[in-house]
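Observations on the three-dimensional arrangement
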Amino acid sequence: MTNQSRSADAALRARAARVVPGGVYGHVSAALMSAGTPQFFARAKGARVWDADGREYIDYSCAYGPNLLGYGDPRVEAAAERQGRLGDTMTGPSPVYVELAEKFVSMVTHADWVMFAKNGTDVTTAALAVARAHTGRRRVLVAAGSYHGTAPWCSPVTTGILADDRAHRRTYTYNDVESLERAVAEAGSDLAAIFVTPFKHDVFTDQELPRPEYARRCRALCDKTGALLVVDDIRGGFRLARDCSWSLVDVQPDLSCWSKAIANGYPISALLGAEKFRDAASHIFFTGSFWFSAVPMAAALATLEIVASTRYLEHTVALGNALREGLHERAVAHGLGLSQTGPVQMPLILFEGDPDLRLGVAFCGAMIQRGIYFHPWHNMFLCSAMTESDIERTLAAADDAFAEIARIRMTLRPHEGIAALMASMSAAS
Ligand code: PMP
């Protein structure tokens, strides 16, 4: 790969840096990219993305979660286009608002109502407001390292945020019942909510499925104290189950938060809740200029229909199993130890003995050069548009990439930007 072939990306980075603070911000900022990782994408279709220089990748980031069925799924696009011809952002909601609400509530066991917004942070923050409005209490418990969005109460980095903004937030350790009990006891009569992600899917560290006794204890402690149990299903929603993800451990939350995959890439999020919390939910001030847009709702309705009526999930899991097994075999053959954790359809791949991720960063860089978009520290996603032949191509690339990093491993150095993010996140949690 020559520098010449990355010229469009380089030119866009330089122009962005002049007119946008930091160029491209957040989790896709240049500071977190390794050499050879494209920052700009020109188009996407099915399981593939094309970067600004026209190179094609099988995309295992899936836009960090929204791509569930394949980019530009024709069934979803047809619904969105139909609605687009009628109207999108209008003076009030379209009838599809009600149709989508009815469909969503019919699919999610714990839910009797739903409210729509745009981003995940909108609905995690609203969930906390509903919990506080319902209980009249202040304290919120989150698992250390869990991501719930960018608002002051939950941001993983605290630059520009006051200690006062986070005064009533405390952390516990995911899956650790004792630490949860301690945090609940310490909150006393001031506990408003316990937030959980459906499984531990934090960056930089092995993922963990929820222990059933932990999930049950979360429920029991909320029942005992009157606090609300909130499942943040923004990343996992419809990737694990056709219901709230904690239906898999037989625990029903009071509220659940959804976004990312629910409209296969169209911008919409949803807060779902049980009857008991309807009154509090109807009294918080909840609105936004684009929150009633009809096109994303039509896309979400089509997505939910596909979720309910097809085997997209089983297909994705089967591919995930083949990927995990195939990567394991090939890594071992090259003398490398992988730690592949979490559900197979949302894999995180770390290397054993690689605390600063230098091997992982080099491996993903080598995969990207071979047309496979892998991520070294955020969980990845498979989408149902992937095929067995995509997995075979991925494994062939991995074989080469493992050989390359096994050869150069002694020359690898830590990635400065990633080390800096790790340090600021551990200071904030
Ligand atoms: N919660 C979880 C579990 C998430 O993964 C995310 C987004 N990565 C959010 C909340 C915040 O969503 P958004 O970026 O749309 O505000």
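Our focus in this paragraph is helix 3 (residues 96-107). Between its first and last C-alpha atoms helix 3 spans 16 Å; for twelve residues at 1.5 Å apiece the expected length is 16 Å, and the two agree. If you check which residues of helix 3 are buried, you get Val96, Leu100, Ala101, Phe104 and Met107. Viewed along the axis of helix 3, the buried residues span an arc of 135 degrees, placing them on a single side of the element. Turned more than 90 degrees off the buried face of helix 3, the exposed positions are Glu102 and Ser106. Close packing links the buried residues of helix 3 with helix 2 (74-86), strand 4 (113-117), strand 9 (255-258), strand 10 (269-273) and helix 8 (294-309).

A word on the pairing of strand 9. Neither face of strand 9 is left uncovered, since the one carrying Leu255 and Cys257 and the one carrying Ser256 and Trp258 both have all their residues buried. Pairing geometry for strand 8 (residues 228-232) and strand 9, over three bridges, is parallel. Among the inter-strand pairings, Asp232 is bridged to a residue of strand 9, identified as Cys257. Across four bridges, the pairing between strand 9 and strand 10 is antiparallel. Bridged to Trp258 within strand 10 is Ala270.

Our focus in this paragraph is the site of the ligand. Around the ligand sit Asn119, Gly120, Thr121, Tyr147, His148, Gly149, His201, Asp232, Ile234, Arg235 and Lys260, and those are all the residues in its vicinity. One nitrogen or oxygen atom from the main chain of Tyr147 is found 3.3 Å from a nitrogen atom belonging to the ligand. In the model, an oxygen atom of the ligand is placed 2.8 Å from a nitrogen or oxygen of the Arg235 side chain. Its free accessible area being 390 Å², the ligand has 87% of it covered by the protein chains. Looking at the shell around the ligand residue by residue, the classes come out as two nonpolar, six polar and three charged.

Two quantities define a packed helix pair, namely the angle between the axes and the distance from one axis to the other. Two numbers describe how helix 10 (residues 358-369) lies on helix 11 (residues 388-408): the axes approach to 9 Å, and their chain directions differ by 130 degrees. Classified by the angle their axes make, helix 10 and helix 11 are oblique. As for how helix 10 packs across helix 11, the hand of that crossing is right-handed. The residues of helix 11 that touch helix 10, namely those facing Leu359, Ala362, Phe363, Ala366 and Met367, are Thr394, Ala397, Ala398, Ala401, Phe402, Glu404 and Ile405. Tallied by class, residues from the contact of helix 10 with helix 11 come to ten nonpolar, one polar and one charged.

For an α-helix, the turn length of 3.6 residues means that residues three or four places apart are oriented alike. Between its first and last C-alpha atoms helix 11 spans 30 Å; for 21 residues at 1.5 Å apiece the expected length is 30 Å, and the two agree. The set of residues buried in helix 11 consists of Asp390, Ile391, Thr394, Leu395, Ala397, Ala398, Ala401, Phe402 and Ile405.

Moving on, we come to the nonpolar core. One recurring pattern in soluble globular proteins: nonpolar side chains tend to sit buried together. Ranked by size, the top nonpolar core spans 94 residues in total, and within it Tyr60, Phe104, Ile194, Phe238, Trp246, Phe363 and Phe374 carry the most contacts. Looking at this core element by element, the count peaks at eleven residues for helix 8. Apart from the residues lying within four places of it in its own chain, the contact partners of Trp246 are Tyr174, Val196, Thr197, Pro198, Pro210, Tyr214, Ala215, Cys218, Leu229, Val231 and Val251. One finds Ala193, Phe195, Ile234 and Cys257 within the second-largest nonpolar core, a separate group that totals 30 residues.

Time to look at the packing of helix 2 against helix 8. With their axes 8 Å apart at the nearest point, helix 2 and helix 8 run at an angle of 150 degrees to one another. The angle between helix 2 and helix 8 falls in the class roughly antiparallel. Crossing geometry of helix 2 relative to helix 8 is assigned as right-handed. Contacts from Arg75, Val76, Ala79, Ala80, Gln83 and Gly84 of helix 2 reach helix 8 at Ala294, Val295, Ala298, Ala299, Ala302, Thr303 and Ile306. Residue composition of the contact of helix 2 with helix 8, grouped by class: nine nonpolar, three polar and one charged.

Let's shift gears to the sheet that holds strand 1 (residues 41-45). Taken in spatial order, the four strands line up as 1-2-3-13 in an open sheet, and their pairing is mixed. Two strands close off the open sheet at either side, each with one partner strand: strand 1 and strand 13 (372-373).

The rules behind these values
- Residues numbered from 1 in each chain as written.
- Predicted model: local features only at pLDDT ≥ 70, side-chain atom pairs only at ≥ 80, totals over all residues.
- Heavy atoms only, no water.
- Helix = DSSP H or I, 4+ residues; strand = E, 2+ residues; numbered from the N terminus.
- Expected span 1.5 Å × (residues − 1).
- Buried < 20%, exposed > 50% of the residue type's maximum accessible area, 1.4 Å probe, protein only.
- Arc of directions from axis to C-beta.
- Contact = heavy atoms within 4.5 Å.
- Pairing = 2+ DSSP bridges.
- Near = heavy atom within 4 Å.
- Polar contact = N/O pair within 3.5 Å; in protein donor to acceptor, adjacent residues only side chain to side chain.
- Areas by Shrake-Rupley, 256 points an atom, 1.4 Å probe, with all protein chains shown as cover.
- Nonpolar A, V, L, I, M, F, W, Y, C, P; charged D, E, K, R; others polar.
- Axes fitted to C-alpha atoms, helices over the stretch in contact; angles between N-to-C directions.
- Parallel < 35°, antiparallel > 145°, perpendicular 65-115°, else oblique.
- Left-handed = near helix turned anticlockwise from the far one by under 90°.
- Core = buried A, V, L, I, M, F, W, Y, C linked by side-chain atoms within 4.5 Å.

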